[in-house]
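Listed below, chain by chain, are the residues.
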Amino acid sequence: MDPTLIVITGPTASGKSALAIETALRLNTEIISADSRQIYTGIPIVTAMPTPQELASVPHHLIDMLPLDAYYSASMYEESALRIATEIMEKHGVAVVCGGSMMYVDALCNGIDELPTVPDEIRHGLEAELAEKGQEWLAEELRRLDPEYYSKVDLRNTKRVFHAVEIIRTAGQSYTSLRTGQRRRRPFRIRKYILAPERPVLFERINTRVDAMVRAGLEEEARSVYHLRHLNSLNTVGLKEMFAWFDGTMQRTEAIERIKKNTRVYAKKQMTWWARDKEIIPLDSTSSRIELE
């Protein structure tokens, strides 16, 4: 059998982690996370990180490994995940990838454009400007430097806007001009699967998960990192709403309901992204079993 990369993705709370563990155990292999927040330490509840028991049952990679103030990008993920996947396939013939971060999955499967390395002085300088002037200034800076990419990017995604501006400042040319969109060939087969429950089922699972996160100590976890709320790693659903409550701009019950709503919105965004991928195979999360040819 040719070396094979099994990718299990899907919206949050779809059940992909359980399926990935079952698949990895049955195929005697290991799991590579494709989650842009689970890679950080200190926020296991809000990121729905696998439990200690789940982590002990199957080797997991690229999870719970970076301090919250560490910089990380999709290109860095591509390099690390590709190396780890190759090592796993050399040992087991197959590797399992699990996660819902669309850019990470795309980077590993298709590759992303080679961009210049951003010097620390440019990155830190832009971070200082952002802290002083805010997200609206950052978006306006992107519009000034690259109006074409500005018209396409999700301006609410501060990390992506920041990355584009720092690349422009490093390269001295627009981010658009550096993006080729060319797909890279991989020396292994790729089989992509998506768990896509019906929306009413998925939304109920999201609501249930948020309630479970609150019971598990989401408030305490959020308070433990509140002093670091300016970090991009904490710019995520579940923490932003808790921080708003701590700031006094939202009531506790409203914050919890807003987490549920914003998670549902993000899940719909994930589904829209994957709907464009003609190679992805939809699965019924209640009876899924992935077999290799």
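Preceding block: the structure.
Quantities reported herein were computed from a predicted structural model and do not represent experimental measurements.

### A few points about the packing of aromatic side chains
Point 1. In total, this model carries seven aromatic pairs according to the counting rule given.
Point 2. Each residue in the set Tyr226, Phe243, Trp245 and Phe246 is aromatic and connected to the rest through ring pairs, giving one cluster.
Point 3. Here the basic side chain of arginine 123 rests over the ring of tyrosine 71, its NZ or CZ set 3.4 Å away from the ring centre.
Point 4. Between the NZ or CZ atom of arginine 229 and the centre of the ring of tyrosine 226, over which it lies, the distance is 4.2 Å.

### Points about the sheet that holds strand β3 (residues 60-61)
Strand pairing in a sheet is mediated by backbone hydrogen bonds. Such pairs are either parallel or antiparallel.
Point 1. Ordered in space as β3-β2-β4-β1-β5-β6, the six strands form an open sheet in which the pairing is parallel. Either end of the sheet is taken by a strand with one partner, and the two such strands are β3 and β6 (281-283).
Point 2. Taken together, the three bridges between strand β2 (residues 31-33) and strand β4 (residues 94-98) define a ladder with parallel strand orientation. The partner of isoleucine 31 across the bridge, within β4, is valine 96.
Point 3. Contacts from helix α4 (residues 102-110) reach β1 (4-9), β4 and β5 (189-195), with the element oriented near 165° to β1.

### As for the layout of surface pockets
With a probe scaled to a water molecule rolled over the atoms, the places where space remains empty come into view.
Point 1. Approximately 920 Å³ is the volume found for the second largest pocket.
Point 2. Looking at which element gives the most residues to the lining of the second largest pocket, the answer is helix α12 (residues 239-247), with five residues.
Point 3. Considered class by class, the residues forming the lining of the second largest pocket number 13 nonpolar, nine polar and eight charged.

### As for the pairing of β4
Point 1. Taken across its five residues, β4 has five buried, putting it largely inside the fold.
Point 2. Here β4 shows no split at all, with Val94, Val96 and Cys98 on one side and Ala95 and Val97 on the other all buried.
Point 3. In terms of strand pairing, β1 meets β4 through five bridges, oriented parallel. Along β4, the bridge assignment pairs isoleucine 6 with valine 96.

### A look at the pattern of salt bridges
Point 1. Following the criterion strictly, the structure yields 23 salt bridges and no others.
Point 2. Its salt-bridge partner being glutamate 87, residue arginine 83 comes within 3.9 Å of it at the nearest N-O pair. Pair noted here: arginine 83 and glutamate 87 are both in helix α3 (residues 74-92), with a separation of four residues, about one helical turn.
Point 3. Residue classification places arginine 83 among the partly exposed positions, given a relative accessible area of 47%.
Point 4. Among the residues examined, glutamate 87 registers a relative accessible area of 39% and is labelled partly exposed.
Point 5. Note that glutamate 148 is salt-bridged to lysine 152, the shortest N-O span being 3.4 Å.
Point 6. Glutamate 148 sits in the partly exposed class, given a relative accessible area of 41%.
Point 7. When salt bridges with common partners are traced through the structure, they connect Glu129, Lys133, Glu141, Arg144 and Arg169 into a single cluster.

### A word on empty space enclosed by the protein
Point 1. Under the defined criterion, the tally for this structure stands at one cavity of 30 Å³ or more.
Point 2. Reported here for the largest cavity is a volume of approximately 40 Å³.
Point 3. Elements supplying a minimum of two residues to the lining of the largest cavity: α6 (135-145) and α8 (158-171).
Point 4. Per-element tally for the lining of the largest cavity: the top contributor is α6, with three residues.
Point 5. Counted by class, the lining of the largest cavity contains four nonpolar, two polar and no charged residues.

### Some points on the side chain of lysine 192
Point 1. Looking at the secondary structure, you find lysine 192 in strand β5.
Point 2. We classify lysine 192 as buried; its relative accessible area is 6%.
Point 3. A polar atom in the side chain of lysine 192 sits 2.6 Å from the side chain of aspartate 277.
Point 4. Look past the residues within four positions of lysine 192 in its chain and what remains in contact with it is Val7, Cys109, Asp277, Glu279, Ile280 and Ile281.

Reading guide: rules and limits
Residues numbered from 1 in each chain as written. Predicted model: local features only at pLDDT ≥ 70, side-chain atom pairs only at ≥ 80, totals over all residues. Heavy atoms only, no water. Phe/Tyr/Trp six-rings, centres within 6.5 Å; stacked < 30°, edge-to-face > 60°. Lys NZ or Arg CZ within 6 Å of the ring centre and 35° of its normal. Pairing = 2+ DSSP bridges. Helix = DSSP H or I, 4+ residues; strand = E, 2+ residues; numbered from the N terminus. Contact = heavy atoms within 4.5 Å. Axes fitted to C-alpha atoms, helices over the stretch in contact; angles between N-to-C directions. 1 Å grid on protein atoms, 1.4 Å probe; cavity = no way out; pocket = protein on both sides within 12 Å on 5 of 7 lines; lining within 4 Å. Points joined across faces, edges and corners; volume = space filled by probe spheres on them. Nonpolar A, V, L, I, M, F, W, Y, C, P; charged D, E, K, R; others polar. Buried < 20%, exposed > 50% of the residue type's maximum accessible area, 1.4 Å probe, protein only. Salt bridge = Lys/Arg side-chain N within 4 Å of Asp/Glu carboxyl O. Polar contact = N/O pair within 3.5 Å; in protein donor to acceptor, adjacent residues only side chain to side chain.

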